[in-house]
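If you want the building blocks of each chain, they are given just below.
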Amino acid sequence: MRIASLTLKTFKRFTDLTIAEVPASAKLVLLVGSNGSGKSSVFDAFNLLSGSMGENAPYHRKVPAEQISLEATFHNGGKLAWRDGGLHPSGPSKLQFLGRSSLRVVPEIQRVSDAARQIEHNQDRPPFFTHEDRRFFADVAQFTNQIDRALREPTFAGRQADTLAIFRRYIAPFNDALRRIFGESPATTIQIKNFDNSDPHRPIQLFFAKGRSTVPFDILSHGEKQIVILLMNFAVRRERYEDAIFFIDEMDLHLNTALQKSVMREIVEQWIPDNAQLWTATHALGFIEYADESEHGVIIDFNDLDYDLPQRLVPAPRRHLDVFEIAVPRDSLSRLFSGRKVIACEGNDGALYNAACDDSSRLFVPAGNAEQVFAMVQANPNLWGIRDRDFFLQTEIDLLRKLYPQYRILPFYSIENLLFHPDNIASLNVPGFDAAAWSEAIRAAKDARPLRDVKYARGRIRELRSVPEFQKTHAWDAEPKEIYAAYEAADFDTFYPVVPMKEMPRTFLESFKLSSGDLAKAPWMIQRLKEITS
């Protein structure tokens, strides 16, 4: 179940709010905005639509004398409305909302009774999203009960318990998730090691391995507790989240930026079922980055709304700077990057370019694909950009340099051509490496792979289709004979600029065990990048 649109009328602070055009692909809907911008109102609406609570007029109504109206439409054709004080479903009937408030990080575990019933009937939900969420206590009780039952049942039947199967079902998924979030190093990650529920008069205690120590839940940091609490909820209740809208207010509490991104990736890609959807509100840079980059995510910007006027919100465009400003104000960015040349680049190339910088004068920032890099350079004359050469002609590169002095096109087909250039590897003084033999291996590989569809690939280059000087000549529509001629040449310096090195076999280099990170830091690469971006 995934939401296509949501409407709130005379609800909380909104007179008339519509969130529309949420694509069916959106597994994550991220609500961003300043404090008090109305994000949490969406979750209170979900709480009413869940049918697990009734309307509280002073809390829910913007105008006490006026009825509220809520409606959610789903991509499966269903609709669910709240009006006249009750629910009105239509279409497919299996509709469920399950959510958590932002007040959920507890200092210590407390005892609960009948955890299974609370979980089954959602009885441990907070009544409002300003109230404390105490579901963790039932989650811990159920988690330990499941392990106890799995061990106890075969024992009383005279059979040997399959401890490996129990570990794989209950413990391994939890610890694997912690490693993916915190990293593989024992110094940084935590792993659940044991629990103690032997005294019925005392709360259950969870114990975690951290470095060489074993520590109870109570003395974990707030950030570590936050992650344990979130993961435990999914580990215990995951089957309930099938075909559901799951919503969490401010998942980012107490998490640094790197952990924010890791946590969001883990939950969306590993724990939210494919037929479900997660809505969450945030100001956090790591969450915004993930939602902006992920094919699963969309961002809804709540900032600067007039609550008394009808508002229609749709997903923000990718790389839309306004949504990032929620996390990092532009004034702060200006001060942070003062004196540095900020260069937009394609996809994951930023990490390699930054590794090749041996000074602090340049900063490469990922901007999606090459089309997005060019769009950003066009929109901001103070921003630099760099992209792969792909199948540009040299005359086209020269013209773009005149039109956009801050825009750079690599001298080779892609960044891989820089990294795996024989001269670059040679500059690392790798024992046994033969630059001439590697050059010959590249020539043999390209001769075995004739170029195809160059004209089609050029037709997809934004610059050739959008820059007026190229539109006049229809450069993208001409047969690129000089590219074919260069590719078929025997001379290395002639063919190498147009060889797609990312597609070429590199078995010749396997014995040298060279990573892209090592090659990015090679002296030749560092010097070439300085020349390209000067």
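As a reminder, the structure under discussion sits directly above these lines.
Residues numbered from 1 in each chain as written. Predicted model: local features only at pLDDT ≥ 70, side-chain atom pairs only at ≥ 80, totals over all residues. Heavy atoms only, no water.

**Let's talk about the overall build of the chain**
Stage number 1. When its secondary structure is counted, the chain shows 23 helices and 18 strands.
Stage number 2. Each of the three principal axes of the chain carries a C-alpha extent, and together these read 80 × 65 × 45 Å.
Stage number 3. Going through the 534 residues of the chain one by one, you find that 50% of them count as buried.
Stage number 4. Contacts spanning at least 24 positions in sequence make up 68% of the contacts within the chain whose residues lie at least 6 apart.
Stage number 5. Charge centroids of the chain, computed over 65 positive and 70 negative side chains, lie 2 Å from each other. (Helix = DSSP H or I, 4+ residues; strand = E, 2+ residues; numbered from the N terminus. Buried < 20%, exposed > 50% of the residue type's maximum accessible area, 1.4 Å probe, protein only. Contact = heavy atoms within 4.5 Å. Lys, Arg positive; Asp, Glu negative; His and termini not counted. Charge placed at Lys NZ, Arg CZ, Asp CG, Glu CD.)

**Thoughts on the nonpolar core**
Stage number 1. Core analysis: the largest hydrophobic core is formed by 62 residues, its most contacted members being Phe136, Leu206, Phe208, Phe217 and Leu278.
Stage number 2. Ranked by residue count, the leading element in this core is helix α6 (residues 222–237), at eight residues.
Stage number 3. Residues in contact with leucine 206, not counting those within four places in the same chain, are Ile109, Phe136, Val140, Thr144, Ile192, Asn194, Phe195, Val215, Pro216, Phe217 and Met232.
Stage number 4. Ranked by size, the runner-up nonpolar core spans 46 residues in total, among them Tyr496, Trp524, Met525 and Ile526. (Core = buried A, V, L, I, M, F, W, Y, C linked by side-chain atoms within 4.5 Å.)

**Section: the sheet that holds strand β14 (residues 311–313)**
Stage number 1. Ordered by their spatial adjacency, six strands build an open sheet running β6-β5-β4-β1-β2-β14, and the pairing between neighbours is mixed. Every other strand in the sheet has two partners, leaving β6 (86–90) and β14 as the edge strands with one partner each. Taken over all neighbouring pairs, the strand axes of this sheet differ in orientation by 10° on average, direction set aside.
Stage number 2. Sheet topology places strand β4 (residues 69–74) next to strand β5 (residues 79–83); four bridges connect them, and they run antiparallel. From the neighbouring strand, glutamate 71 faces β5, where its bridge partner is alanine 81.
Stage number 3. Across the sheet, helix α1 (residues 39–49) is in contact with β1 (3–11), β2 (14–19), β4, β5 and β6; its angle to β1 comes to roughly 100°. (Pairing = 2+ DSSP bridges. Axes fitted to C-alpha atoms, helices over the stretch in contact; angles between N-to-C directions.)

**Considerations on the pattern of salt bridges**
Stage number 1. Taken as a whole and judged by the stated rule, the model has 25 salt bridges.
Stage number 2. Between aspartate 114 and arginine 117 there is a salt bridge; the shortest N-O distance is 2.4 Å.
Stage number 3. According to the relative accessible area criterion, aspartate 114 is partly exposed, its value standing at 41%.
Stage number 4. With a closest N to O distance of 2.9 Å, arginine 135 and aspartate 133 form a salt bridge. Residue arginine 135 shares its accessibility class with aspartate 133, and that shared class is buried.
Stage number 5. A single salt-bridge network, built from bridges that share partners, covers Glu440, Arg443, Lys446 and Asp447. (Salt bridge = Lys/Arg side-chain N within 4 Å of Asp/Glu carboxyl O.)

**Describing empty space enclosed by the protein**
Rolled over the atoms, a probe sized like a water molecule indicates the empty space that remains.
Stage number 1. Using the criterion set out here, one finds two cavities of 30 Å³ or more in the structure.
Stage number 2. Looking at the largest cavity, its volume works out to about 60 Å³.
Stage number 3. Around the largest cavity sit Leu98, Gly99, Arg100, Asn122, Arg135, Asn233, Arg237, Arg240, Tyr241 and Phe246, which together line it.
Stage number 4. Of the residues that constitute the lining of the largest cavity, the class distribution is three nonpolar, three polar and four charged.
Stage number 5. Estimated volume of the second largest cavity: approximately 50 Å³.
Stage number 6. Every residue lining the second largest cavity is counted, twelve residues in all, and those nearest its centre are Asn47, Gly99, Asn122, Arg125 and Arg135. (1 Å grid on protein atoms, 1.4 Å probe; cavity = no way out; pocket = protein on both sides within 12 Å on 5 of 7 lines; lining within 4 Å. Points joined across faces, edges and corners; volume = space filled by probe spheres on them. Nonpolar A, V, L, I, M, F, W, Y, C, P; charged D, E, K, R; others polar.)

**Concerning the packing of aromatic side chains**
Stage number 1. What the rule picks out here adds up to 22 aromatic pairs.
Stage number 2. Feature note: the residues Phe43, Phe46, Phe74, Phe97, Phe247 and Trp279 constitute an aromatic cluster, connected by ring pairs.
Stage number 3. The ring of tyrosine 307 carries the charged tip of arginine 13 above its face, separated from the ring centre by 5.3 Å. (Phe/Tyr/Trp six-rings, centres within 6.5 Å; stacked < 30°, edge-to-face > 60°. Lys NZ or Arg CZ within 6 Å of the ring centre and 35° of its normal.)

**Section: the layout of surface pockets**
Stage number 1. Of the pockets and cavities examined, the second largest pocket occupies roughly 330 Å³.
Stage number 2. What lines the second largest pocket is a set of 17 residues, and nearest its centre among them are Arg387, Asp390, Ala457, Arg460 and Ile461.
Stage number 3. At the level of elements, α12 (370–379), α17 (454–459) and α18 (462–466) are the ones that each hand at least two residues to the lining of the second largest pocket.
Stage number 4. Its residues assigned to classes, the lining of the second largest pocket comprises five nonpolar, one polar and eleven charged.

**Description of the environment of methionine 264**
Stage number 1. Summarising the element assignment, methionine 264 is placed in helix α7 (residues 257–271).
Stage number 2. The sequence separation of methionine 264 and aspartate 359 amounts to 95 residues, and the corresponding C-alpha distance is 32 Å.
Stage number 3. When near neighbours in sequence (up to four residues on either side) are disregarded, methionine 264 contacts Leu28, Leu30, Met251, Leu278, Thr280, Phe287 and Tyr290.

**Some remarks on the environment of serine 294**
Stage number 1. Positionally, serine 294 belongs in the loop between α8 (285–293) and β13 (297–301).
Stage number 2. You can call serine 294 buried: its relative accessible area is 7%.
Stage number 3. Sequence separation of serine 294 and alanine 26 is 268 residues, and the distance between their C-alpha atoms is 9.5 Å.
Stage number 4. Here the side chain of serine 294 touches histidine 296 through a polar contact of 2.9 Å, landing on its backbone nitrogen. (Polar contact = N/O pair within 3.5 Å; in protein donor to acceptor, adjacent residues only side chain to side chain.)

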